[in-house]
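Residues per chain are reported as follows:
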Amino acid sequence: MHGLKTILFDSLSEVGGQPQLLYPFKQITDIPTYDSIKASELINKLKHNLTNETKIITNHKVEQVEKKSDGFIIDNDFFTRSIIIATGAGAFKPKELPLKMDQNISKKVHYFIKNPQDFANQTVGIFGGGDSALDLALELAKVANIKVIHRRDQFRGLESSVNQLKSLKNVELLTPYLPKTIELSDNQLQIGLKQMGTTQMRTEHFDQIIVAYGFRANNRFVKKWGINLKGTNVAVNSTMETNVAGIYAVGDVATYPGRVPLIALGFGEAQIAITTIMRRLFPEKTLTIHSTSI
Ligand SMILES: Cc1cc2nc3c(=O)[nH]c(=O)nc-3n(C[C@H](O)[C@H](O)[C@H](O)COP(=O)(O)OP(=O)(O)OC[C@H]3O[C@@H](n4cnc5c(N)ncnc54)[C@H](O)[C@@H]3O)c2cc1C
């Protein structure tokens, strides 16, 4: 809108952050103007809004920021006048299934899913007991046979989701089991499950599995750039600027008194940061704040 050119880096293979990766099927009910919107659809709409002035670079974890007199050099390669940190809880890496596996097996083991149709009419194992595992199970149960494997009898996720899953004929909840072995047999995954607290093993076969054990993430890397952290977040002032002039933080990574980790706040904070950047870069310009001026 202000004619700035932007580069958007994401450490993962796709953009969209937590909504896209952790809860793509959730109906979000607190985005202004929508009664409810599926998380993946919200991300699609946000991507659709981008113009050609935004270059997206995925699979790139920003590691290094070097301050110059007129801007910053990112990872020795990209010069920018300003930086907005929007790293949420940090570059997240999925907690992996702790079993040795070769490439052929790995191809059938997933940590994110893009399209439920990739699993249609298959037997799918979902490992985990939190909301992500349960939401995935509910969504994929629409197209596939599901077995949810959790190491405890109690699920951490919503009881209503567990009850919903229990009512479905094509869903089996296997607890308390821990995966111990993984092999490929007749193009299916053959997984040995140990019953917790016993020595008993059972074998299950799956076409593909999804591991929903959660993610590890942290924002400590920004300390190398001279940014002050408050706890695990980046402290900002009321213009979203960090302690380093020209570097801003918005979204869940940012902290100030009273902040709550919600999407709508991030939208507003981005507007504040961008307006501040424009005023700083072009002090002589009369800034049009609204998308159109009448
Ligand atoms: C299960 C669940 C349900 C939720 N439900 C709601 C809800 O209903 N309504 C609501 O408003 N909020 C909800 N939230 C919270 C909401 O998802 C967050 O507030 C929001 O995602 C924060 O957005 P963000 O852009 O700040 O960070 P994130 O969504 O975490 O995105 C950060 C992005 O930065 C990338 N990144 C991190 N470090 C680097 C690096 N060094 N280099 C490059 N890229 C990097 C990450 O890969 C990621 O894509 C929910 C959260 C969870 C976990």
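Sequence order sets the numbering: in each chain, residues are counted from 1 along the sequence as written. Local features are withheld for residues below a pLDDT of 70 in this predicted model, meaning they are given only at 70 or higher, and side-chain atom pairs are given and counted only at 80 or more; totals for whole chains, interfaces and linings count all residues. To obtain the side-chain values, all non-hydrogen atoms of the structure were used and water was disregarded.

Here is the rule we go by: UniProt positions are given in the numbering used here, feature names are shortened, and annotations may be inferred rather than shown by experiment.
An unreviewed UniProt entry annotates the protein as Ferredoxin--NADP reductase originating from Lactobacillus kefiranofaciens. In its Subunit (unreviewed entry) section, the UniProt record describing the protein reads: "Homodimer." Regarding the protein, the UniProt comment filed under Sequence similarities (unreviewed entry) reads as follows: "Belongs to the ferredoxin--NADP reductase type 2 family."

### With respect to the overall build of the protein
Which entries qualify depends on this criterion: Runs of H or I in DSSP of at least four residues are treated as helices and runs of E of at least two as strands, each being numbered from the N terminus. Note on exposure labels: buried denotes an accessible area under 20% of the residue type's maximum, exposed denotes more than 50%, and partly exposed covers the range between, all computed with a 1.4 Å probe on protein chains only. For the accessible areas, the method is Shrake-Rupley and the probe is 1.4 Å, while residue cover comes only from the protein chains on display. In this tally, Asp and Glu contribute negative charge and Lys and Arg positive charge; neither His nor the terminal groups of the chain are included. Lysine's charge is taken at NZ, arginine's at CZ, aspartate's at CG and glutamate's at CD.
Helix and strand content of the protein: 6 helices and 22 strands. Expressed along its principal axes, the backbone C-alpha trace of the protein runs to roughly 75 × 40 × 35 Å. Counting every position in the protein, which comprises 294 residues, the buried fraction comes to 39%. Just so you have it, the protein exposes about 16,900 Å², and 49% of that area is on carbon and sulfur atoms. Treating the 35 positive side-chain charges of the protein as one cloud and the 28 negative ones as another, the clouds have centres 4 Å apart.

### Quick word on the site of the ligand
Threshold: To be near a molecule or strand, a residue needs just one of its heavy atoms within 4 Å of it. Nitrogen and oxygen atoms within 3.5 Å of one another constitute a polar contact, given that in protein one can donate a hydrogen and the other can accept it, and given that sequence-neighbouring residues count only through two side-chain atoms.
Among the 28 residues in the neighbourhood of the ligand, the closest are listed as D10, Q18, Y23, D252 and I263. At a separation of 2.6 Å, an oxygen atom of the ligand approaches a polar side-chain atom of D10. The separation between an oxygen atom of the ligand and a polar main-chain atom of D252 is 2.8 Å. Coverage of the ligand by the protein chains reaches 83% of its 1,000 Å² of free accessible surface. The element that contributes the greatest number of residues to the shell around the ligand is helix α1 (residues 17-21), accounting for 3 residues.

### Let's talk about the sheet that holds strand β19 (residues 229-230)
The cut-off we apply is this: Pairs of strands are assigned from DSSP output, requiring at least two bridges between the strands.
Within the open sheet, the 3 strands sit side by side as β19-β20-β22. Their pairing is mixed. Since the sheet does not close on itself, it has two edges, and those belong to β19 and β22 (254-255), each with one partner. Pairing of β19 with strand β20 (residues 233-235) involves 2 bridges; the strand directions are antiparallel. Following the sheet pairing, L229 is matched in β20 by V234.

### Considerations on the UniProt feature "binding site: FAD" (unreviewed entry) in the protein
What counts, and what does not: Detection works on a 1 Å grid of protein atoms alone, calling trapped sets that fit a 1.4 Å probe cavities and calling open sets with protein on both sides within 12 Å along at least five of seven lines pockets, with lining residues defined by an atom within 4 Å of a point. By definition, residues are in contact when any of their heavy atoms lie within 4.5 Å.
According to UniProt, the "binding site: FAD" (unreviewed entry) feature falls on D10, Q18, Y23, V62, F92, D252 and T292. Across 283 residues in sequence, these annotated residues place their C-alpha atoms as far as 37.4 Å from one another, rather than forming a single compact spot. Lining of the largest cavity among the annotated residues: Y23. Turning to its location among the elements, Y23 is positioned in the loop between α1 and β2 (27-28). Those residues in contact with Y23, other than ones at most four positions away along the chain, are Q18, I28, A39 and I263. Its place among the elements puts D252 in the loop between β21 (247-249) and β22. Once you skip the residues sitting within four places of it in the chain, D252 turns out to touch Q18, G88, N233, R259, P261 and L262.

### Remarks on unusual backbone geometry
Here the bond from T175 into P176 is cis, since omega is -15°, no more than 30 degrees from zero. The residue P176 is located in the loop between β13 (171-174) and β14 (177-185) in this model. Phi is positive for D75, which is not a glycine, with a value near 45°. Tracing the chain through its elements places D75 in the loop between β6 (71-74) and β7 (78-80). We classify D75 as buried; its relative accessible area is 18%. A positive phi angle, close to 70°, is found at M240, a residue other than glycine. Owing to a relative accessible area of 4%, M240 belongs among the buried residues under this scheme.

### Some points on the domain arrangement of the protein
As a reminder, the rule being used: Domain delimitation follows an automatic or database domain assignment. Here, a salt bridge means any side-chain nitrogen of Lys or Arg that lies within 4 Å of a carboxyl oxygen of Asp or Glu. Classes in brief: Ala, Val, Leu, Ile, Met, Phe, Trp, Tyr, Cys and Pro nonpolar; Asp, Glu, Lys and Arg charged; the others, Gly included, polar.
Domain boundaries assigned for the protein yield domain 1 (6-92 + 217-281) and domain 2 (95-215). Between domain 1 and domain 2, the C-alpha centre-to-centre distance is 32 Å. Put simply, domain 1 and domain 2 have 0 salt bridges between them. Scanning the region where domain 1 abuts domain 2 turns up 1 residue pair in polar contact (both at pLDDT 80 or more). Of the residues in the side of domain 1 that touches domain 2, the class split is 6 nonpolar, no polar and 2 charged.

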